[in-house]
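The residues making up each chain are set out below.
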Amino acid sequence: MASGGEQKVVLITGCSSGIGLRIAVLLASDEQKRYHVIATMRDLRKKDRLVEAAGDTYGKTLTLLSLDVCSDDSVWQCIDSVKDRHIDILINNAGVGLLGPVESISMDEMKRVFETNFFGTVRMIKEVMPDMKKRRSGHIIVMSSVMGLQGVIFNDVYTASKFAIEGFCESMAVQLLKFNVKLSLIEPGPVHTEFETKMMQEVAKMDYPGADADTVRYFKDVYIKSSIDIFEALGQTPEDIAKCTKKVIESSQPRFRNLTNSLYTPIVAMKYADETGGLSVNAFYNLLFNFGSLMHITMSILKCLTCSCLRRRTISPD
Ligand SMILES: NC(=O)C1=CN([C@@H]2O[C@H](COP(=O)(O)OP(=O)(O)OC[C@H]3O[C@@H](n4cnc5c(N)ncnc54)[C@H](OP(=O)(O)O)[C@@H]3O)[C@@H](O)[C@H]2O)C=CC1
Ligand SMILES: CC1=C(/C=C/C(C)=C/C=C/C(C)=C/C=O)C(C)(C)CCC1
């Protein structure tokens, strides 16, 4: 146990893989043992990877519970099984991606994305926040995305779900400040996790019914190609995002917004520099359709432009 202070109870959603798994392991292995991590996942049969990565911490500073963010019963049962329902830090990480031309995506698939990314997070906050408000303490972390700030072609519905949660949190943060409860958004760019693998597998097996040949070509030959380049050039690791998240938790004055990838500082600046939206839409169009074949070089230039000065505006893992 940490000396001089109580261990903080941290509950994390979506710990079967990727960012959630890494945050759980990083916090549970804190040298000063400042955290008791309740790592949750919707299907406990997927626990092996986490248990292995957790090593000695499993059963000590890390425990495992089942939680599906899309189910009222599951969320209620999980939170109710926590001692005194006391959670100091809630990390809303569970999320799903969705990629492709809107014409070929069913309404049910779109709703599943909102059910998980938006309503799932809202359900968690609704269950945990009242106790935090009563105690006048707590920190809610939400794994948003750069796509919560800027739309990206062919990610229309995923982007919308992250915009929705950004709007929700922007509104909540003001009320929560009155109750001394902190709320922070983490906004990663591309991260190498199963999120990327799952989407690429989907792309390989889909033939996109309902979308015309030109759209499918722009999606597969232009967007997917650029996206692979971007992941290669700028992709962060789940460990990077876990370190950024730990920094936010441990900050005495945590920021509300926390971009983890400096490439997005100019992208976000562009959005606010021109309130008509023309600058962003045209820049994205040109990047993709006019300089797409030069994406490798474009990314190198952007990497260079986003060194040092702009990097200070993001949260770095180191
Ligand atoms: N990877 C990236 O490039 C980026 C990811 N993000 C965000 O980071 C978060 C984590 O994603 P990442 O680690 O990359 O992806 P992964 O696919 O590796 O992890 C997603 C996790 O969410 C879980 N999950 C999905 N649906 C539910 C549900 N209904 N209830 C509980 N858990 C659920 C998955 O569980 P299961 O194994 O059961 O499916 C899995 O554990 C997401 O919110 C994502 O939007 C943000 C920016 C970039
Ligand atoms: C195509 C394209 C882009 C693609 C960005 C990608 C592919 C971002 C992926 C982000 C992820 C996976 C977020 C998850 O939440 C840029 C850089 C905006 C520039 C214009 C062209």
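These numbers were taken from a predicted model, which means no experiment stands behind them.

Focus: the site of ligand 2
If you check the shell around ligand 2, you find 13 residues, and the closest are Ser145, Met147, Tyr158, Ile230 and Phe284. A distance of 2.6 Å separates an oxygen atom of ligand 2 from a polar atom in the side chain of Ser145. Taking Tyr158, its side chain carries an N or O atom lying 2.6 Å from an oxygen atom of ligand 2. Starting from 530 Å² of accessible surface for ligand 2 in isolation, the protein chains cover 96%. When residues of the shell around ligand 2 are traced back to their parent elements, those giving at least two are helix 7 (213–234) and helix 10 (278–290). Take the shell around ligand 2: its biggest share by element is four residues, from helix 7. Residues belonging to the shell around ligand 2 are distributed by class as follows: eleven nonpolar, two polar and no charged.

Observations concerning the environment of Ser280
Within the fold, Ser280 resides in helix 10. In this structure Ser280 comes out as buried when scored by relative accessible area, which is 6%. Dropping the residues within four chain positions of it, Ser280 is found in contact with Gln150, Met270 and Lys271.

Points about the pairing of strand 3 (residues 62–66)
As judged from the five bridges shared by strand 2 (residues 35–41) and strand 3, these two strands associate in the parallel manner. Across the sheet, the residue bridging to Ala39 is Leu64, located in strand 3.

With respect to the packing of aromatic side chains
Evaluated as defined, the whole model comprises nine aromatic pairs. When the ring of Phe154 is compared with that of Tyr223, the centres are 6.2 Å apart and the planes differ by 65°; the resulting orientation is edge-to-face. Residue Phe154 is found in the loop between strand 5 (139–143) and helix 5 (156–178), and its partner Tyr223 is found in helix 7; the two are separated by 69 residues along the sequence. Chaining the aromatic ring pairs together yields one cluster made of Phe154, Tyr208, Phe219 and Tyr223. Residue placement shows Lys133 over the ring face of Phe179; its charged tip is 4.6 Å from the ring centre.

Thoughts on the nonpolar core
Val37, Leu50 and Ile91 are the most contacted members of the largest nonpolar core, which has 30 residues in total. Elements with a minimum of two residues in this core: strand 1 (8–12), helix 1 (18–28), strand 2, helix 2 (48–54), strand 3, strand 4 (89–92), strand 5 and helix 8 (238–250). Broken down by element, this core gets its largest block of residues, seven residues, from helix 1. The contact partners of Ile91, leaving out residues within four places of it in the chain, are Val10, Leu11, Ile12, Thr13, Ile23, Leu27, Ile141, Thr245 and Ile249. Val69, Ala94, Phe118 and Leu176 belong to the second-largest nonpolar core, a separate cluster that totals 28 residues.

Rules used throughout
- Residues numbered from 1 in each chain as written.
- Chains lettered and ligands numbered in written order.
- Predicted model: local features only at pLDDT ≥ 70, side-chain atom pairs only at ≥ 80, totals over all residues.
- Heavy atoms only, no water.
- Near = heavy atom within 4 Å.
- Polar contact = N/O pair within 3.5 Å; in protein donor to acceptor, adjacent residues only side chain to side chain.
- Areas by Shrake-Rupley, 256 points an atom, 1.4 Å probe, with all protein chains shown as cover.
- Helix = DSSP H or I, 4+ residues; strand = E, 2+ residues; numbered from the N terminus.
- Nonpolar A, V, L, I, M, F, W, Y, C, P; charged D, E, K, R; others polar.
- Buried < 20%, exposed > 50% of the residue type's maximum accessible area, 1.4 Å probe, protein only.
- Contact = heavy atoms within 4.5 Å.
- Pairing = 2+ DSSP bridges.
- Phe/Tyr/Trp six-rings, centres within 6.5 Å; stacked < 30°, edge-to-face > 60°.
- Lys NZ or Arg CZ within 6 Å of the ring centre and 35° of its normal.
- Core = buried A, V, L, I, M, F, W, Y, C linked by side-chain atoms within 4.5 Å.

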